[in-house]
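Residue-level structural notes
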Amino acid sequence: MKHLVSMRDVGKEDILHLIDLAERIESGKIRPDLSGKLGALLFFEPSTRTYFSFDTAIKRLGGNTLAMTGSGSTSVKKGETLADTLMTIRQYVDFIVMRHQIEGAARFASEILDIPVINAGDGTNQHPTQAMLDLYSIYKTQGTLENLTIAMIGDLRLGRTVHSLAQALSDFNPTFYFASPRHLQMPRYIKDELQAKGVQFKEVEDIKPIIPQLDIMYVTRIQKERFAVLEDYEKVKDAYIITPDILENVKSNFKLMHPLPRVNEITTDVDRMEYAYYFPQAKNGVVMRQAIIHTLLND
Ligand code: CP
């Protein structure tokens, strides 16, 4: 691995290596040393978890960061191109973590830069470090990634995390249920990729009948900021709301995950249930991002 741009580029061996590494970092068996290393955190779109967990991950290993949150205070405001911005920042740092609103921006960066590029989310396309922390969370709670039954619920078209996670799990014989409003279904190209790999998936509207079968329920918010017409968002914003009563009859190993931020799709009284795993999931992002950075800098 030279860059981490898309989960399509990450094979089963890489995934298992990163999970093993994250586990060893978390247990204290190894502590990668980032002293003297400088990472640029270029966030053209807002972020809480991804930004702060990368910053934490790097600094706790002795490294340091240069941060850009929003392009307002940079020369992008004066019309500088993304290529020139990246080529300039490259002169100062050892690796780049970038979130950008345009699909393919991280791929573009990886093609013009000779230092590792980590995609922290590109538009509606990919969020591979989120997928890796999701896999680590699934592994920690289920003891395996193999043969699990997973429902992905919410905005499956515009939410990038589910694209990356569906691709990431595709080599582990999952059974997927996809539940979304009709215009926010999982994109055709992802479904084609799953079909080509023989992955079982079913699109459902009503989630109640499938809940007793699930190992993991992965809920996502409706991506309001990506709707051109606000009324279209209003029509679908309450399509799926997870409440405690919906989670009666779940399996004992069941876990409820969400990449966060949440709006209203999981009510806050679910937070205290034993199944709620979204805050520990966010915490898992630190060690997984440490494992990713260590791997990219040493490969
Ligand atoms: N899960 C995630 O990407 O959250 P942020 O947008 O807060 O980084």
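Here the structure is a predicted model, which is why all the values come from computation and not from measurement.

A closer look at the site of the ligand
Inspection of the region around the ligand gives Ser47, Thr48, Arg49, Thr50, Arg99, His127, Gln130, Pro259 and Leu260 as its neighbouring residues. One of the side-chain nitrogen or oxygen atoms of serine 47 is found 2.6 Å away from an oxygen atom of the ligand. Between the ligand and the protein, one listed contact pairs an oxygen atom with a backbone N or O atom of threonine 48 at 2.7 Å. Within the complex, the protein chains bury 91% of what would otherwise be the 250 Å² of accessible surface of the ligand. Residue composition of the shell around the ligand, by class: 2 nonpolar, 5 polar and 2 charged. When residues of the shell around the ligand are sorted by domain, at least three fall in each of domain 1 (7-127 + 284-298) and domain 2 (128-282).

Overview of the pairing of strand β1 (residues 38-43)
For β1, the buried fraction is high: 5 of the 6 residues fall into the buried class. Bridge count between β1 and strand β2 (residues 64-69): 6 bridges; the pairing is parallel. Bridge pairing links leucine 42 to methionine 68 in β2. Since β1 and β2 lie parallel, the crossover through helix α2 (residues 49-60) that links them has a hand, and here it is right-handed. Pairing analysis gives 5 bridges linking β1 to strand β3 (residues 95-100), with the strands arranged parallel. Pairing of glycine 39 across the sheet is with phenylalanine 95, part of β3.

Regarding the sheet that holds β1
The sheet built from 4 strands is open, its strands ordered β2-β1-β3-β4 with parallel pairing. Unpaired on one side and paired on the other, β2 and β4 (117-122) mark the two borders of the sheet. Between one strand and the next, the sheet's axes are offset by a mean angle of 10°, whatever the strand orientation. Looking at chain direction, β3 and β4 are connected through 4 bridges and run parallel. For isoleucine 96, the partnering residue across the bridge sits in β4 and is valine 117. With respect to the sheet, helix α3 (residues 82-90) is in contact with β1 and β3, its orientation differing from that of β3 by roughly 150°.

Rules used throughout
Residues numbered from 1 in each chain as written. Predicted model: local features only at pLDDT ≥ 70, side-chain atom pairs only at ≥ 80, totals over all residues. Heavy atoms only, no water. Near = heavy atom within 4 Å. Polar contact = N/O pair within 3.5 Å; in protein donor to acceptor, adjacent residues only side chain to side chain. Areas by Shrake-Rupley, 256 points an atom, 1.4 Å probe, with all protein chains shown as cover. Nonpolar A, V, L, I, M, F, W, Y, C, P; charged D, E, K, R; others polar. Domains from an automatic or database assignment. Buried < 20%, exposed > 50% of the residue type's maximum accessible area, 1.4 Å probe, protein only. Helix = DSSP H or I, 4+ residues; strand = E, 2+ residues; numbered from the N terminus. Pairing = 2+ DSSP bridges. Right-handed = clockwise from strand over helix to strand, strands pointing away. Axes fitted to C-alpha atoms, helices over the stretch in contact; angles between N-to-C directions. Contact = heavy atoms within 4.5 Å.

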